[in-house]
Amino acid sequence: MSSSPYNYSEKYSLPEYNYKSHPKASYEKNSFSIASLHFCKKAIIWIFSLKPRSLSRSTFGVAFGYFFYIFKFICLMYFIFSKLGFLGSSNKNKAATSNIGPNRESPEYKNIVQKIFTTSAIPQDSYLTGEINPPRNMSRVFAHVNEKMPREYWDWENTTLQFSDNSKYIVDEEVGRGKFSNVYKCKSPEYDFPLVMKVFKPERTKRIRREILILKNLKGGPNIIPLIDVIKDQEEGNPTLVFPYIDNNHWKKEYPTFDIHQIKKLIFELLKALQYCHSKGIMHRDVKPHNVCIDKNTREVWLIDWGLADFYHVGVKNNVRVASRYYKAPEQLVNYQLYDYSLDMWSLGVVLAGLIFRKEFFFKGDSDEDQLVKIMSVLGTDDLRDYIKDYEINLSLDIKKIIEDYEFEKLDWSIFINEENKRLATKEAVDLVDHLLRYDHQTRLTAEEAMAHPFFDEVRNL
Ligand code: AMP
């Protein structure tokens, strides 16, 4: 287990996977269905009502009747037990479902440890905490959080919007613009600190419900911008969210000035926010420098803009058209919809790579297809092909062609180290990047695992 002091996790204590509960789930249902149950019930009644003597009154007929009766009974029992998984091989997930936490002795465990730590110079079991051998379409951590919560926790489509009185707010200058909203500085006599109003553009009520529910669920979490109020703006009556104002510099100006200590602090604080939201069953899905506010005075870090965030449900397909292109994960670019929290870990890896190698955008594609090519040119094509095969991903013709046509070797990270960035691209920093920027999302470090990485030894207990 990790030495991380952050104890937000549910500690993977689920003895079995509960596939049933989400109504939108498109995963394969257990074949031992209600219909099979009915069939078994009927079959049992029939067998027990069958009288061996009724077949024939001769000795041979009675003996055959008994034999047939016992044979059918054995077949039926075999069918029932095999479906219930008591006969081993018929239940593929049995090994995974019957353990609490990873079985460190299993070949699967050893295999994945080997996969994750191939290039690591760091002791292996210091930071592996997630489920080690989950089914391919399932998150390694926090897979069942929302299943265990009441429906109101995640069912954002059926929430009702409630608005507070807006007359107490005095609107000031515009401080930012998003795709779906404008952000204005404001104040209120009720609060002795400045605020911002995020005023949504019209026709966005569906998204807003999700953002509000997520912000309410996450309120009070570390480094998560707290939602203060929900109102209607005074001019057009558009839904508006109120947050504390964070006086920050633009990241393009600030990041190039960071030393290694500041990089560690920033990434560690973001990991706290991600570990918290993942533990609450929520993926941010738009991690990028633009959505991080660092307070100029206090140096507090805030993860903002939860407009693309969503709830994670096992087996439920997600929209791949989220996040900003340069931070999009490979699974999005190859249209793998059963992604999970590890999507955020990719984006964070891209932010970290940009910081330590002093590149404004580490992967800068001109289009989604080109973004994939940029990633391939660093991580190589072979591992991507393996990933697609392992996860049985159906590719569009365009993507298929790209992956077939291009041939890249996996680059050694040292290629990116130069005179200018060598103080930042330390062995530990590069190792962490290497463990986040992986095609196979199940082998990326989770937020909790990343927090226990030696890169953060210096800042973990500050
Ligand atoms: P958003 O749509 O939430 O990404 O907000 C758009 C822009 O408004 C952000 O990129 C920030 O520049 C700015 N912004 C949002 N929230 C805040 C805040 N709490 N304090 C200061 N600026 C903010």
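Below: a short report on this structure. (Residues numbered from 1 in each chain as written. Predicted model: local features only at pLDDT ≥ 70, side-chain atom pairs only at ≥ 80, totals over all residues.)

Within the chain, the secondary structure is distributed over 16 helices and nine strands. By residue count, 36% of the 462 residues in the chain fall in the buried class. Within the chain, residue pairs in contact and separated by at least 24 positions form 68% of the contacts whose partners lie at least 6 positions apart. (Helix = DSSP H or I, 4+ residues; strand = E, 2+ residues; numbered from the N terminus. Buried ≥ 20, exposed ≤ 12 C-beta atoms within 10 Å, placed from the backbone. Contact = placed C-beta atoms within 7 Å.)

This brings us to unusual backbone geometry. Within the chain, Ala323 stands out as a residue other than glycine whose phi angle is a positive 75°. Ala323 gets classed as buried once you count the C-beta atoms within 10 Å, which come to 20. Positioned with a positive phi, Glu392 is a non-glycine residue whose angle comes to about 50°. Its location among the elements puts Glu392 in the loop between helix 13 (382–390) and helix 14 (397–405).

Attention shifts here to the sheet that holds strand 2 (residues 181–187). The strand order across the open sheet formed by five strands is 1-2-3-5-4, and the pairing between neighbours is antiparallel. Because the sheet does not close on itself, it has two edges, and the strands there are strand 1 (170–177) and strand 4 (229–232). Averaged over neighbouring strand pairs, the angle between their axes works out to 30° when direction is ignored. With four bridges joining them, strand 4 and strand 5 (residues 239–244) adopt antiparallel strand pairing. Bridge pairing links Ile231 to Thr240 in strand 5. (Pairing = 2+ DSSP bridges. Axes fitted to C-alpha atoms, helices over the stretch in contact; angles between N-to-C directions.)

Below, the discussion takes up the pairing of strand 1. As a general feature of sheets, a regular strand has side chains that alternate between the two faces. When strand 1 meets strand 2, the two strands line up antiparallel, connected through five bridges. Of the residues in strand 2, the one forming a bridge with Gly176 is Val183. If you look at the hairpin formed by strand 1 and strand 2, you'll find three residues sitting between the two strands.

All right, on to the pairing of strand 5 then. The sheet contact formed by strand 3 (residues 195–200) and strand 5 spans five bridges and is antiparallel. Its bridge partner being in strand 5, Leu195 is matched across the sheet by Pro244. Hairpin geometry of strand 4 and strand 5 is characterised by an intervening segment of six residues between the two adjacent antiparallel strands and by a positive phi of about 70° at Gly237.

Turning next to the nonpolar core. Ranked by internal contacts, the top residues of the largest apolar core, which has 100 residues, are Met197, Leu270, Leu348, Leu352, Ile356, Val433 and Leu436. The residue makeup of this core includes at least three contributed by each of domain 2 (170–244) and domain 3 (251–456). With near-sequence residues (within four places) excluded, Leu352 lies in contact with Ile267, Leu432, Val433 and Leu436. (Core = buried A, V, L, I, M, F, W, Y, C linked by C-beta atoms within 7 Å. Domains from an automatic or database assignment.)

Here helix 11 (residues 342–356) crosses helix 15 (residues 427–436) at 150°, and the two axes come no closer than 8 Å. The orientation of helix 11 relative to helix 15 falls into the category roughly antiparallel. Note that helix 11 runs across helix 15; the crossing there is left-handed. Counting all contacts with helix 11, which are made through Met345, Trp346, Leu348, Gly349, Leu352, Ala353 and Ile356, the residues of helix 15 involved are Ala429, Leu432, Val433 and Leu436. Split by residue class, the contact of helix 11 with helix 15 holds 10 nonpolar, one polar and no charged. (Parallel < 35°, antiparallel > 145°, perpendicular 65-115°, else oblique. Left-handed = near helix turned anticlockwise from the far one by under 90°. Nonpolar A, V, L, I, M, F, W, Y, C, P; charged D, E, K, R; others polar.)

Moving on, we get to the site of the ligand. Lining the immediate surroundings of the ligand are 18 residues, of which Gly176, Gly178, Val183, Ile246 and Asp305 lie closest. Contributions of two or more residues to the shell around the ligand are made by strand 1, strand 2, strand 3 and strand 5. Split by residue class, the shell around the ligand holds 10 nonpolar, five polar and three charged. Here the shell around the ligand spans two domains, and each of domain 2 (170–244) and domain 3 (251–456) adds at least three residues to it. (Near = placed C-beta within 6 Å.)

Looking at the secondary structure, you find Val350 in helix 11. With 25 C-beta atoms counted inside 10 Å, the residue Val350 sits in the buried group. Between the C-alpha atom of Val350 and that of Phe362, which follows or precedes it by 12 residues, the distance is 6.3 Å. Not counting chain neighbours up to four residues away, the residues in contact with Val350 comprise Tyr326, Tyr327, Phe362 and Phe363.

What follows deals with helix 9 (residues 260–279). A rise of 1.5 Å per residue sets the reference length of helix 9, with its 20 residues, at 28 Å; its end C-alpha atoms lie 28 Å apart and thus fit the reference within 8%. Of all 20 residues in helix 9, 16 are buried; the element is thus mostly enclosed. Two residues or fewer after helix 9 comes Gly281, characterised by a positive phi angle close to 80°. (Expected span 1.5 Å × (residues − 1).)

Another aspect to go through is the environment of Pro135. For Pro135, the position within the fold is in the loop between helix 4 (107–116) and helix 5 (145–148). The class of Pro135 is partly exposed, set by 19 C-beta atoms lying within 10 Å. Separated by 307 residues in sequence, Pro135 and Gln442 place their C-alpha atoms 9.9 Å apart.

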